[in-house]
Amino acid sequence: MGVGVSIALAAGISGPTAEAAAPACEPTTINRTDVLPGTSLDVSPLPDSMDASPGTQISFVGAPPSSLSQITVTGSRSGRHGGVLQPYSQGDGESFVPNSPFLAGEQVTVHGRVTRGASATNFTFHFVVETPDPLPYPTVGALHPSSSTLDSFHSMPNLDAPKVTISTDSPSSAPGYLFAALYGSGEIGGPLIFDNTGQPVWFDPLPHGVSATDLRVQQLGSQPVLTWWQGGVLPQGFGEGQDMIANSAYQVVQVVHAGNGDSADLHDFELQPDNVALVTVYKALRCDLSGHGGSSTSAVTDSGFQEIDLKTGLVRREWDSLDHVPLSYTETTASGADLTWPFDFFHLNSLDAEPDGNLLMSARNTWAIYTINRTTGRVLATIGGNHGTYKEGRGAGTAYQHDATLLPNGTISVFDNGGTPVVHPQSRALILGLDTKTNTIRRVAQYTHRSPLKSGSQGDVQVLANGDVFVGWGGAPYFSEYTTGGKAVFDGRVSGAAQSYRVYRFPWTGTPAGPPAIAATAGAGGRLTVYASWNGATQVAAWRVLAGASPSALARVASVARTGFETTIATPSAGPDVEVQALGSAGQVLGTSKLLSSP
């Protein structure tokens, strides 16, 4: 991601001091397979890796649980570890979950047997436990949002939503709502859905100090759901938190945690078929960087992902950048890295599942996109960067890019930040084509903002169902929609200092679990001005006001079309009891507010 400057400046942190040389963290052989020889098992931690978390479980995928036996796990210093074998809900393996964590720096040996038919194969593998670098957590500054950057509402006085300004809205823009997750030092943040006028549809303000990223619509089984990440954003450029799944009533139906003692990172969360999710994970570990222009008492940021069984919470697979991409492939430098600011050589920022089962992965700090074999974990191809499989054609090179997605026609969309530091004069959305015969990357299309933007971090590209290209400009708080020919048909921005890691457009139908909200103020002659809203409702076409002398004697006194998040309704003399009904397009009652005694 590369977090915004406002987060970094708010940190006010100081780190630990090194007392001895750090251990090696890069394995001797890079990009090995995690499939055990002579078996169908792919395992994690990766055999001979040096970056296993102390709280790791040991995962075996590729054989039914009944085929695994005689599993023993022994630490070189901690000794034999008891634990339990827990099967995955998918029925294709299980994890050994130790009763106690391993010790930093020790080698762990795993023995076992896998049976296939009448034959049995014994296996042994080893891995080394990392020495964690516990980063100091940033302090949280005071809230200082301005009323000029917030919308407030009579009917929901405790809800202040960030203002969104729309500068271009063409009738030809694609249908659907806009999805953002706002955060920033001192700003009111949280997941936000808004419409083409900039009016909020749903906003869920989070507690001060808790950030959200990547609000979008995904499929959980056959149901559309909302997903987002929330937690703390570290100034080192990643997050420590959890991933949220909510239904169409905005009720959280599942909180997804990373496994192995790690925290879910903010960069990506992908729901997959068969109750599986991909969760990005960042961790800092001590590392001797003297061979890479750094200090022998330094640290490195290892970014990767875990495949989580949603029903059990077990880790099915884990992939770490340190195991598959050399430290020397980075476009950054280890010079100056220390225990507070580890060497962030890779910086994974997007995952995309391909139809063939492989994964497409973007890494900001190698300037490259990778095709990953999901079973073996091996890098199959590198697109871009200085060690790429493909030669970059004119205008096809990216720098510090985000959000690589494989499109149905085989091209790849990606947000090219172009900095920071500045490599390209402005940020852009790209569509890239791969010529496998000539091993060449060509630029198919490019989209830039009419007022050139330089977005040093974040950003996304979404190709919509009608062919339009929707762009979230990341650290620059803008979002735009273009036709395939490059005509801008929609453009806007978030007010103030808040930013959104990604912005999307999706169709969405929401019906809140709670009732509509109501407020009223008295005017001359006993008249009332009634205010009605329903946070998250997408099917309200009109509002009806009922009033009367008692709760059992209510009658309609006014009806008006919905005019935005909050609708203002002038009524004749009525009361003292009043309520509002939210009406659908056919006049049906969708929800009724609480009864209000008029002022």
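Above this note sits the structure.
Reading guide: rules and limits
Residues numbered from 1 in each chain as written. Predicted model: local features only at pLDDT ≥ 70, side-chain atom pairs only at ≥ 80, totals over all residues. Heavy atoms only, no water. Helix = DSSP H or I, 4+ residues; strand = E, 2+ residues; numbered from the N terminus. Rg over C-alpha atoms; globule rule 2.2 N^0.38 Å. Buried < 20%, exposed > 50% of the residue type's maximum accessible area, 1.4 Å probe, protein only. Pairing = 2+ DSSP bridges. Axes fitted to C-alpha atoms, helices over the stretch in contact; angles between N-to-C directions. Contact = heavy atoms within 4.5 Å. 1 Å grid on protein atoms, 1.4 Å probe; cavity = no way out; pocket = protein on both sides within 12 Å on 5 of 7 lines; lining within 4 Å. Points joined across faces, edges and corners; volume = space filled by probe spheres on them. Core = buried A, V, L, I, M, F, W, Y, C linked by side-chain atoms within 4.5 Å. Phe/Tyr/Trp six-rings, centres within 6.5 Å; stacked < 30°, edge-to-face > 60°. Salt bridge = Lys/Arg side-chain N within 4 Å of Asp/Glu carboxyl O.

What about the overall build of the chain?
From N to C terminus, the chain includes 2 helices and 44 strands. The globule rule puts the C-alpha radius of gyration for 599 residues at 25 Å, and the 27 Å found for the chain is close to it. Along the first, second and third principal axes, the C-alpha set of the chain runs to 85 × 55 × 50 Å. Split into buried and exposed, the 599 residues of the chain put 56% on the buried side.

What about the sheet that holds strand β36 (residues 499-506)?
Hydrogen bonds between backbone groups are what pair the strands of a sheet, and the pairing can be parallel or antiparallel. Taken together, the 4 strands give an open sheet; going across it, the order is β14-β13-β12-β36, and neighbouring strands pair in antiparallel fashion. On the outer flanks of this sheet lie β14 (200-203) and β36, each paired with one strand and no other. Pairwise comparison of adjacent strand axes, ignoring direction, gives a mean angle of 20° for this sheet. Bridge analysis of strand β12 (residues 177-183) against β36 gives 6 bridges, and the strand direction is antiparallel. Directly across from L178, in β36, lies its bridge partner R505.

Side note on the environment of P23
Tracing the backbone shows P23 in the loop between α1 (5-9) and β1 (42-44). Once the C-alpha coordinates of P23 and T371 are considered, the two residues, 348 residues apart in sequence, prove to be 30 Å apart. Residues in contact with P23, not counting those within four places in the same chain, are T131, R286, C287 and D288.

A short note on the layout of surface pockets
One number sums up the size of the largest pocket: a volume of about 1000 Å³. Every element with two or more residues in the lining of the largest pocket is listed here: β15 (211-220), β19 (269-272), β23 (348-353), β28 (402-406), β31 (440-447), β32 (460-463) and β36.

Comments concerning the sheet that holds strand β17 (residues 239-246)
Reading across the sheet, the 4 strands line up as β15-β16-β17-β18 and stay open at both edges, with antiparallel pairing between neighbours. The open sheet is flanked by β15 and β18 (252-256), the only strands paired with a single partner. For this sheet, the mean inter-axis angle between neighbouring strands, taken without regard to orientation, is 25°. The pairing of β17 with β18 spans 4 bridges and is classified as antiparallel. By the bridge assignment, M244 is partnered in β18 with V255.

Some thoughts on the nonpolar core
V300, W319, F343, F345, F346, M361 and Y370 are the most contacted members of the largest nonpolar core, which totals 30 residues. Among the secondary structure elements, those contributing two or more residues to this core are β20 (276-287), β21 (298-309), β23, β24 (359-363) and β25 (368-372). The biggest single contributor to this core is β20, with 5 residues. In contact with F343, other than residues within four places in its own chain, are L289, A299, V300, T301, L327, T330, T332, T333, A334 and A337. Among the nonpolar cores identified, the runner-up in size contains 21 residues, and A180, I188, F490 and V494 belong to it.

Remarks on the packing of aromatic side chains
The full count for this structure, using the stated rule, is 19 aromatic pairs. An angle of 45° between the planes, with centres 4.6 Å apart, marks the rings of F153 and F565 as tilted. With F153 in the loop between β9 (150-152) and β10 (160-162) and F565 in the loop between β40 (555-561) and β41 (566-571), this pair connects stretches of sequence that are 412 residues apart. When its relative accessible area of 9% is taken as the criterion, F153 is described as buried. Where F345 meets F346, the ring centres are 5.8 Å apart and the plane angle is 45°; that geometry is what we call tilted. Exposure remark for F345: the relative accessible area of 0% places this residue in the buried category.

Overview of the pattern of salt bridges
Applying the stated criterion to the full structure yields 16 salt bridges. Between D403 and R502 there is a salt bridge, with the nearest N and O atoms lying 3.8 Å from each other. Linking D403 in strand β28 with R502 in strand β36, this pair joins segments that are 99 residues apart in sequence. With a relative accessible area of 7%, D403 lands in the buried category. Among the ionic pairs, E481 bridges to R505, the shortest N-O distance being 2.9 Å.

Here's the deal with unusual backbone geometry
Between S44 and P45 the backbone carries a cis peptide bond, its omega angle lying at 0°. In this structure, the amide linkage connecting G419 to the following residue, T420, adopts the cis form with an omega of 15°. Looking at the element boundaries, T420 is found in the loop between β29 (412-416) and β30 (428-435). For D48, which is not a glycine, the phi torsion comes out positive at approximately 70°. Relative to the assigned elements, D48 resides in the loop between β1 and β2 (58-61). For D48, a relative accessible area of 47% puts it in the partly exposed group. Even without a glycine there, the phi angle at H347 is positive, about 65°. Tracing the sequence through the fold places H347 in the loop between α2 (321-324) and β23. For H347, a relative accessible area of 2% gives the class buried.

Any link to function would need more than the numbers given here.
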